[in-house]
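# Observations on the three-dimensional arrangement
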Amino acid sequence: MPNELHINIDHIATVRNARRTIEPDLIQAVKIIEATQAKGITMHLREDRRHINDRDIYDIDAYIQKSSKLSFTFEMGATDEIKAICLKTKAKLATIVPEKREELTTEGGLNLIGQEKYLKEFIKAIKDNGTQISFFVDPIEEQITLAKEIGANFIEIHTGTYANLFIKYGSASLEPVQAEIARIHDATKFAQSIGLKVNLGHGLTVNNLPPLMQNLKNIQELHIGHSIIANSIYYGLENTIKSFLAVLA
Ligand code: PXP
């Protein structure tokens, strides 16, 4: 089903961790998400555990396996420590991202050049465990070609540059924003032409989605976190998800 909404719940954990307490409870959030037409949950287990922790991964994976039709995407840096945890889950998809300790959030796509051999080996056990592989990449043909060669099933195109330009220029009609939309569209078509499924993610909002999604065909999944959690403060999680779903319909 194209244009599936997958909700990144990392920042619900950020709020919980701010007080090192038990609320907001992630399972409760998953139950609210289940009552909507969203298709999945995404969590990024970072090396420094700044939001999601190991317990969250195991609890939510178990909950989804037992009683939910939501799919679980495990976002991760390509390290053996995190891979060992991924292998203990039944994640449907593992999205491999670059990760630097000092960054506020993932700041761009992976650079696959020179990492082909390492990543081919790295993803083997994850695929054998029944989890498909996605590489988070910028809209660049060379990176997309390498993602395919390494053995990815999906790519997730990094939309953060587009999101930042949209904020800077305040309108999708201006040339730099148009140029980035074109870059994402061209990369999507190229990836699909070589047999990759395409997801999008980073910085997406109800305002910047419509110009980006116009005439963009066969996107599988949109992974959206910050704006959904931020708007939930005003409108509640369920209403906010519904407003994103309406934009994607
Ligand atoms: N996709 C990937 C690969 C990400 O790293 C992130 C941020 O964790 C997202 C999607 C969600 O981005 P945002 O929180 O800006 O919606």
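Our structure is the block above this text.
Going residue by residue along strand β8 (residues 221-224), you find E221 and H223 tucked away on one face and L222 and I224 tucked away on the opposite face as well. Here 4 bridges tie strand β1 (residues 4-8) to β8, and the two strands are oriented parallel to one another. Each bridged residue has a counterpart across the sheet, and for E4 the counterpart in β8 is E221.

With that settled, consider the site of the ligand. What surrounds the ligand is a group of 13 residues, the closest being E75, E156, G203, G225 and H226. One nitrogen or oxygen atom from the side chain of E156 is found 2.5 Å from a nitrogen atom belonging to the ligand. A distance of 2.8 Å separates an oxygen atom of the ligand from a polar backbone atom of H226. Protein contact buries 94% of the 400 Å² of open area that the ligand shows by itself. Here the ligand occupies the largest pocket. When the residues that make up the shell around the ligand are grouped by side-chain class, the tally is 3 nonpolar, 8 polar and 2 charged.

To continue, consider the packing of helix α6 (residues 141-150) against helix α8 (residues 175-193). Where α6 meets α8, the closest approach of the two axes is 10 Å, and the angle between their N-to-C directions is 25 degrees. The orientation of α6 relative to α8 falls into the category roughly parallel. In this structure, the crossing between α6 and α8 has a hand that is right-handed. Between α6, through E141, I144 and T145, and α8, the contact on the second element is made entirely by A187, F190 and A191. Residue composition of the contact of α6 with α8, grouped by class: 4 nonpolar, 1 polar and 1 charged.

Rules behind the numbers
Residues numbered from 1 in each chain as written. Predicted model: local features only at pLDDT ≥ 70, side-chain atom pairs only at ≥ 80, totals over all residues. Heavy atoms only, no water. Buried < 20%, exposed > 50% of the residue type's maximum accessible area, 1.4 Å probe, protein only. Helix = DSSP H or I, 4+ residues; strand = E, 2+ residues; numbered from the N terminus. Pairing = 2+ DSSP bridges. Near = heavy atom within 4 Å. Polar contact = N/O pair within 3.5 Å; in protein donor to acceptor, adjacent residues only side chain to side chain. Areas by Shrake-Rupley, 256 points an atom, 1.4 Å probe, with all protein chains shown as cover. 1 Å grid on protein atoms, 1.4 Å probe; cavity = no way out; pocket = protein on both sides within 12 Å on 5 of 7 lines; lining within 4 Å. Sits in = over half its atoms within 2 Å of the grid points. Nonpolar A, V, L, I, M, F, W, Y, C, P; charged D, E, K, R; others polar. Axes fitted to C-alpha atoms, helices over the stretch in contact; angles between N-to-C directions. Parallel < 35°, antiparallel > 145°, perpendicular 65-115°, else oblique. Left-handed = near helix turned anticlockwise from the far one by under 90°. Contact = heavy atoms within 4.5 Å.

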